[in-house]
Amino acid sequence: MSCLLVSGLTKDCNYILGGITNLYLGNFSQIANISGATDLMDTITFTNPGSEYLYEMEFEKNTGNFTNEMVVNNAQKYINQGFSFSIAKKDVDSVTVANELALGKVVAIARDRNGKYFVLGRNNGLEATVTSLNSGSAEGDFSGLVVTMLGAQIEFAPEWDNTINGVASYIQ
């Protein structure tokens, strides 16, 4: 790989919104491969198709995001990818999912507010750094589940092919 800059960037003249609207998680150990053309992914191969899935995570408006941040540590460079979301729910189902996420390793497909999908954790998966179930203190405080998952990767999150239709049969 060459480390030479070979192109520039041009500024778009349009509106852009922050945050994510949809998040789909799959168990890292059950995904054999995520592939596509260069930086545009379009195929997920499960180790046991038909019995393994991507799970949709619903969350509160303006609480979902994903990040890609280069880290330099001991002269090594890598990309720390992650996501975070909150859902105002405290019941048996949310406690079960909190436990599974706290102990598991996942791959994520996130749709941003501009309609683009990105794959997070493709190389090494993502693991929980925060999984909390809070009551809040005052009446207006957030009460529910907060999840943050991170993982060191060897690339910025590649874009998914801008449709979830290719994996719709695997979503639960």
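Residues numbered from 1 in each chain as written. Predicted model: local features only at pLDDT ≥ 70, side-chain atom pairs only at ≥ 80, totals over all residues. Heavy atoms only, no water.

Student: Got a minute to help me understand the side chain of Q81 in this structure?
Tutor: Within the secondary structure layout, Q81 lies in strand β6 (residues 76–87). In this structure the side chain of Q81 is engaged in a polar contact, spanning 2.7 Å, whose partner is the backbone nitrogen of G121. (Helix = DSSP H or I, 4+ residues; strand = E, 2+ residues; numbered from the N terminus. Polar contact = N/O pair within 3.5 Å; in protein donor to acceptor, adjacent residues only side chain to side chain.)

Student: What exactly am I supposed to notice about unusual backbone geometry here?
Tutor: Trans is the common state for peptide bonds, and a negative phi is the common state for residues other than glycine. Non-glycine residue N62 carries a positive phi angle of around 65 degrees. With respect to the helices and strands, the residue N62 is situated in the loop between β4 (54–56) and β5 (65–73). The phi dihedral of A75 is positive, around 70 degrees, even though this residue is not glycine. Looking at where A75 falls in the secondary structure, it is placed in the loop between β5 and β6. By relative accessible area, A75 is classed as exposed at 74%. (Buried < 20%, exposed > 50% of the residue type's maximum accessible area, 1.4 Å probe, protein only.)

Student: What should I look at first to understand the pattern of salt bridges in this one?
Tutor: For side chains bearing opposite charge, pairing can occur when the charged atoms are close. Evaluation of the coordinates by the stated rule reveals three salt bridges. A salt bridge links E155 to R122, with the nearest nitrogen and oxygen atoms 2.8 Å apart. Residue E155 is located in the loop between β10 (144–153) and β11 (159–160), and its partner R122 is located in the loop between β8 (117–120) and β9 (126–134); the two are separated by 33 residues in the primary sequence. (Salt bridge = Lys/Arg side-chain N within 4 Å of Asp/Glu carboxyl O.)

Student: Is there a simple way to explain the packing of aromatic side chains in this structure?
Tutor: The description of two aromatic rings rests on the distance between their centres and on the angle between their planes. On inspection of all chains with the given rule, the structure shows four aromatic pairs. Look at Y53 and Y55: their rings are 6.4 Å apart centre to centre, the planes differ by 70 degrees, and that puts the pair in the edge-to-face class. Owing to a relative accessible area of 32%, Y55 belongs among the partly exposed residues under this scheme. Note on F59 and F85: the rings are 6.0 Å apart at their centroids and 40 degrees apart in plane angle, and the pair reads as tilted. Here F85 lies in strand β6 and F59 lies in the loop between β4 and β5, a separation of 26 residues in the sequence. Taking relative accessible area as the criterion, F59 reaches 16% and is therefore assigned buried. Residue classification places F85 among the buried positions, given a relative accessible area of 2%. One aromatic cluster in this structure is built from F59, F83 and F85. (Phe/Tyr/Trp six-rings, centres within 6.5 Å; stacked < 30°, edge-to-face > 60°.)

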